Amino acid sequence: MPKNYKKDNVYVAAKKRIQDIFNTFPKVYIAFSGGKDSTVMLHMALEVAKSENRIPLDVLFVDLEGQYDTTIRHIEEVALYSEEINLHWICLPLNLRNSVSVFQPHWRCWDPEQSNVWIRPMPQYPQVVSNPEQYTFFKYGMEFEDFVYQWGNWFSNDERCTCLLGIRSDESLNRFFSVTKHGWRGKNWLSKASDNLVFSYPIYDWRTEDIWRYVGKQKIQYNKLYDYFYLCGMSIHKMRICQPYGDDQRQSLVYYQQIEPDTWNKVVTRVQGVNFGALYSKTVVLGRIKVVLPEGLTWKRYTYILLQSMPAITRKHYVEKINTFLKWWNNNGFTLDLIPDQGNLKLENTGKMPSWRRICKCIIKNDWWCRSLGFCQTKNTYKTLYAKKQHHE
């Protein structure tokens, strides 16, 4: 059964939130990925937009190149030819996380210098934006997260604006905090991004079962990739549609070669480490199940061996994070000499004590943002370490 409040279930509550959004913001757009959540979000928003005479509805789709063809077909059938949608199909060289390689921790989609090995040809539709000069804010190789933030500010054009996001708090702890940590005007499902831009999460409290219940009852078109995932035996709670090389998404890499082998062959050429990730992302090799200490080593010694095996620029990134981690604990009860090789596992996993095992596990999992050490994602990490001067800028 859908989650219920005193008066409304999540469907009724979401419809009221969307109605409130259109009453509050003169400019509204949806961030659309082709996944089940954003598809439901789009369908519900269109219902309200039509009743409010706010058609066509602006829709932002950032094409990450290395996606399933099935997802692209869903984008085409749902948004490309609809008179109710003003589609912004972005195909620009953006930096994306690659969690399956220490040699290429990020890769650049639609990189013109790699056009000979693009996973898919550049889409040729009027709605496609592939010219970097289209936006004055765009910088060659800017991060995905920075782009969507800057695009929202550009779209607002100094008016109050909101982006509807199909993010749900039960998908992960990070998403729970991103949705509920900050509120705007007393509403925890709104988050202020800038003076003019607010992020909205109208279905933040829906469960996965609520999403599929809506799809079934409303009989809306959905991405058939979910059917293939289901046939592969994947739980409905583990299915992820976005680019599959991220820290969470890499667990589904093994299914890529089963579902779309032709696309997979191109992915292997284009993105470093994906075949390795498909083989080992669910094993001890990437720290997914259990991290095993080699015989004869301490966790501290193992950490130093792993760091020395990395490319210099990746090693520099991890060393800076580790030094910051150690410095913080030095100021909070643990001098460097007192950092244990390993401690109480429960305290380590909850971030309540440091250890070299904790540091080592962060490296083995290729936890680029070092979230397991208490860090969060920053906008300028890639720019500082990897970005080089380009003639495109």
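The structure displayed is predicted, hence computed values, not measured ones. (Residues numbered from 1 in each chain as written. Predicted model: local features only at pLDDT ≥ 70, side-chain atom pairs only at ≥ 80, totals over all residues. Heavy atoms only, no water.)

Caption draft 1: Structural view of the environment of Y81. Inspection of the secondary structure assignment puts Y81 in the loop between α3 (69-80) and β3 (85-90). For the pair Y81 and Q127, spaced 46 residues apart in sequence, the C-alpha separation works out to 10.0 Å. When near neighbours in sequence (up to four residues on either side) are disregarded, Y81 contacts E76 and Y125. (Helix = DSSP H or I, 4+ residues; strand = E, 2+ residues; numbered from the N terminus. Contact = heavy atoms within 4.5 Å.)

Caption draft 2: View of the packing of aromatic side chains. Applying the stated criterion across every chain yields a total of 22 aromatic pairs. Here W151 and W154 contribute two aromatic rings whose centre-to-centre distance is 5.4 Å and whose plane-to-plane angle is 50°, an arrangement assigned as tilted. Here W151 and its partner W154 are both found in helix α4 (residues 144-156), three residues apart, which amounts to about one turn of the helix. One aromatic cluster in this structure is built from Y29, Y135, F137, F138, F147, W151, W154 and F155. The ring of F155 carries the charged tip of K27 above its face, separated from the ring centre by 4.5 Å. Across the ring face of Y222, the terminal group of K224 is positioned such that the distance to the ring centre comes to 4.3 Å. (Phe/Tyr/Trp six-rings, centres within 6.5 Å; stacked < 30°, edge-to-face > 60°. Lys NZ or Arg CZ within 6 Å of the ring centre and 35° of its normal.)

Caption draft 3: Just the sheet that holds strand β8 (residues 190-192), in detail. In space, the seven strands of this open sheet follow the order β6-β3-β2-β1-β7-β9-β8, with mixed pairing throughout. The sheet is open, and its two borders are formed by β6 (128-129) and β8, each paired with just one other strand. Sheet contacts for α4: β1 (27-31), β2 (57-62), β3, β7 (161-164) and β9 (197-200); angle to β1, the most-contacted strand, approximately 155°. (Pairing = 2+ DSSP bridges. Axes fitted to C-alpha atoms, helices over the stretch in contact; angles between N-to-C directions.)

Caption draft 4: Structural view of the packing of helix α1 (residues 10-24) against helix α2 (residues 36-51). Two numbers describe how α1 lies on α2: the axes approach to 10 Å, and their chain directions differ by 55°. As summarised for this structure, α1 and α2 are arranged oblique, according to the angle between their axes. Crossing handedness for the pair α1 and α2: right-handed. From α1, Y11, A14, K15, I18, Q19 and F22 reach across to α2, where they touch M41, M44, A45, E47, V48, A49 and S51. Residue composition of the contact of α1 with α2, grouped by class: nine nonpolar, two polar and two charged. (Parallel < 35°, antiparallel > 145°, perpendicular 65-115°, else oblique. Left-handed = near helix turned anticlockwise from the far one by under 90°. Nonpolar A, V, L, I, M, F, W, Y, C, P; charged D, E, K, R; others polar.)

Caption draft 5: Spatial organisation of the confidence of the model for the protein. For the protein, per-residue confidence averages 83 on the pLDDT scale, and 80% of positions sit at 70 or higher. Overall, residues 275-280 carries pLDDT values under 50, and its contacts beyond four positions in sequence, including any with other chains, amount to 14 contacts. Per-residue pLDDT stays below 50 along residues 385-393; that stretch engages in 17 contacts with residues further than four places along the chain or on separate chains. (pLDDT = per-residue confidence, 0-100.)

Caption draft 6: The arrangement of the pattern of salt bridges in detail. This structure, assessed with the given rule, holds ten salt bridges. For D20, the salt bridge identified is with K187, shortest N-O distance 2.3 Å. Note that D20 is positioned in helix α1 and K187 in the loop between α5 (173-180) and β8, a separation of 167 residues in sequence. Classification of D20 by relative accessible area gives partly exposed; the value is 22%. Here K187 falls in the partly exposed class, since its relative accessible area comes to 29%. (Salt bridge = Lys/Arg side-chain N within 4 Å of Asp/Glu carboxyl O. Buried < 20%, exposed > 50% of the residue type's maximum accessible area, 1.4 Å probe, protein only.)

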